[in-house]
Amino acid sequence: MQLQDKVVVITGAARGLGRAYAEAMAAEGASVYACDVNSCDETVAAITAAGGSAASGSVDISSMESCQAMADGAVAAFGRIDVLVNNAALYGGLKGGRFESLDEDQWDAVMNVNIKGVWQTCKACVNPLRKAGGGSIINIASLAAVFGMPYGLDYVASKAAVIGMTRGMARELGGDSIRVNAVAPSAVMTESTSEFFGEKMDKAKVVIAKGQVLQRNLETHDLTGTIIYLASDNSAFVTGQTHMVDGGSWFL
Ligand SMILES: NC(=O)c1ccc[n+]([C@@H]2O[C@H](COP(=O)([O-])OP(=O)(O)OC[C@H]3O[C@@H](n4cnc5c(N)ncnc54)[C@H](O)[C@@H]3O)[C@@H](O)[C@H]2O)c1
């Protein structure tokens, strides 16, 4: 059990990767506080049915007040916070296009959730993390940011900012023994990736696999090991890094 006695807050845990992280971390002994704008009841039910420990909270990470309520809820439920996984983001439903044609309201929403939201959850959780004697913040970035994915500049810019914030916060929080790392996956075959690629999904899957050293598509279970490692004491001396989980598409 790599996460025994650790309390983990995960945003965007109602479905997709966030739910997978929640279930995998609980299976490693963590108490999981699963949060989302949508209900996390199914995530919590799956964890408790498997014998794990979980509770859920509602959060809109674009609201500081809501982020504070999330942090307070986690402490009320489990007494402390050791790990924060910043997974919630706008991705699947985004409308792509050449950068000059992107919708301005969508641009603002992406910056508000994907960048400001991460800043706000970190602000809300940092004092409990300090009180716990240190911990781990894991920010979900994307291969899109380092590759420079075309036709989604709002998303690309937001995930590049996540990498920058990871580095800046790692330097500010090292003195508190709080490690801050980013994980940058390539396209995972989730519901939101189907929404993102739409009818081009099958073609995209082939193109993506061919561009990697390991020529298959990334599956959800390929990511959970990296998340557990970064949350655990096995990565106690690792901070400020961006971990590419992309089958060898990009070497940092
Ligand atoms: N799926 C991929 O291929 C892929 C690749 C690289 C990075 N990522 C990143 O991984 C993360 C999860 O991706 P996913 O595929 O599971 O996406 P998803 O859309 O299935 O899940 C995102 C979750 O975040 C929640 N959310 C959105 N806005 C929120 C807000 N304001 N406050 C709280 N919760 C909010 C959604 O309700 C949803 O449950 C995202 O950060 C995404 O950018 C995904």
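The structure under discussion appears in the preceding block.
Every value quoted in this text rests on a predicted model; they were computed, and no experiment measured them.

Chemist: Can you walk me through the site of the ligand in this structure?
Modeler: Not every one of the 29 residues close to the ligand is listed here, only the nearest: Arg15, Asp36, Tyr155, Val188 and Ser192. Between Val59 and the ligand, the recorded distance is 3.4 Å, taken from a backbone N or O atom to a nitrogen atom. Note that a nitrogen atom of the ligand is positioned 3.0 Å from one of the backbone N or O atoms of Ile61. Relative to its unbound accessible surface of 820 Å², the ligand loses 95% to contact with the protein.

Chemist: Hey, could you run me through unusual backbone geometry in this one?
Modeler: Trans is the common state for peptide bonds, and a negative phi is the common state for residues other than glycine. Even without glycine at this site, Tyr151 takes up a positive phi of about 70°. When you line up the elements, Tyr151 lands in the loop between helix H5 (143-147) and helix H6 (153-173). The phi dihedral of Ser177 falls on the positive side, at around 60°, and the residue is not glycine. Owing to a relative accessible area of 48%, Ser177 belongs among the partly exposed residues under this scheme.

Chemist: Sorry if this is basic, but what is going on with helix H2 (residues 41-49) here?
Modeler: Structurally, the α-helix is built with 3.6 residues per turn, so residues lying three or four positions apart point the same way. All of the buried residues along H2 are Thr43, Val44 and Ile47. End-on view of H2: buried residues confined to an arc of 95°, all on one side of the axis. Residues of H2 that are exposed and angled more than 90 degrees away from the buried face: Asp41, Glu42 and Ala49. On the buried face of H2, the contacting elements are helix H1 (16-27), strand S2 (31-36) and strand S3 (53-58). Positive phi shows up at Gly51, right after H2, with a value of about 90°.

Chemist: Got a minute to help me understand a nonpolar patch on the surface in this structure?
Modeler: Together, Phe99, Trp107 and Leu153 make up an exposed nonpolar region whose accessible area comes to about 300 Å². The partly exposed category is assigned to Trp107, whose relative accessible area is 31%.

Chemist: Any chance you could explain the pairing of S2 here in plain terms?
Modeler: Two faces belong to every sheet, and in a regular strand the side chains alternate between them. Across the six residues of S2, six count as buried, placing the element largely inside the fold. The side-chain alternation of S2 yields two buried faces, one formed by Ser31, Tyr33 and Cys35 and the other by Val32, Ala34 and Asp36. Across five bridges, the pairing between strand S1 (residues 7-11) and S2 is parallel. Each residue of the ladder has a partner; that of Val8, found in S2, is Val32. This β-α-β element, S1 to H1 to S2, shows right-handed connectivity.

Chemist: Would you take a moment to explain the sheet that holds strand S6 (residues 178-185) for this structure?
Modeler: Within a sheet, neighbouring strands are paired by backbone hydrogen bonds and run either parallel or antiparallel to one another. Strand order across the open sheet formed by seven strands is S3-S2-S1-S4-S5-S6-S7, with parallel pairing between neighbours. Taken across any chain shown, the strands that pair with only one partner, and hence form the sheet edges, are S3 and strand S7 (242-245). Between one strand and the next, the sheet's axes are offset by a mean angle of 20°, whatever the strand orientation. Bridge count for strand S4 (residues 83-86) against strand S5 (residues 135-140) is four bridges, and the pairing is parallel. Across the sheet, residue Asn86 finds its bridge partner in S5, namely Asn139. Each of S1, S2, S4 and S5 is contacted by H1, which is oriented at about 170° to S1, the strand it contacts most.

The rules behind the values
Residue positions are given per chain, counted from 1 along the sequence in the order it is written. pLDDT decides what is reported in this predicted model: residues at 70 or higher carry local features, side-chain atom pairs at 80 or more are listed and counted, and totals for whole chains, interfaces and linings draw on all residues regardless. The side-chain numbers reported here are obtained from all heavy atoms of the structure, hydrogens and water having been left aside. Note on definitions. A residue lies near a molecule or strand when any single heavy atom of the residue is within 4 Å of it. By the criterion applied in these results, polar contacts are pairs of N or O atoms within 3.5 Å in which, for protein atoms, one can donate a hydrogen and the other can accept it, and in which residues neighboring in sequence qualify only through two side-chain atoms. All accessible-area figures derive from a Shrake-Rupley calculation using a 1.4 Å probe, and residue coverage is judged against the displayed protein chains alone. Put simply, DSSP marks the helices as runs of H or I at least four residues long and the strands as runs of E at least two long, and each gets a number from the N terminus on. Relative accessibility decides the category of a residue: with a 1.4 Å probe and only protein chains considered, values under 20% of the type maximum give buried, values over 50% give exposed, and everything between is partly exposed. What the arc measures is the spread of directions leading from the helix axis to the C-beta atoms. Only heavy atoms matter for contacts: two residues are in contact if any of them lie within 4.5 Å across the pair. To count toward a patch, a residue needs a relative accessible area over 30% and no salt bridge; like charges are then connected within 9 Å, while nonpolar side chains (Val, Leu, Ile, Met, Phe, Trp, Tyr) are connected within 5 Å. What makes a salt bridge here is a side-chain nitrogen of Lys or Arg within 4 Å of a carboxyl oxygen of Asp or Glu, nothing more. Strands are labelled as partners when DSSP assigns at least two bridges between them. We call a crossover right-handed when, viewed with both strands directed away from the observer, the connection leading from the first strand over the helix to the second proceeds clockwise. What counts as an axis is a line fitted to C-alpha atoms, over the stretch in contact for a helix, and the angles between N-to-C directions run from 0 to 180 degrees.

Any functional reading would require information that these geometric values do not contain.
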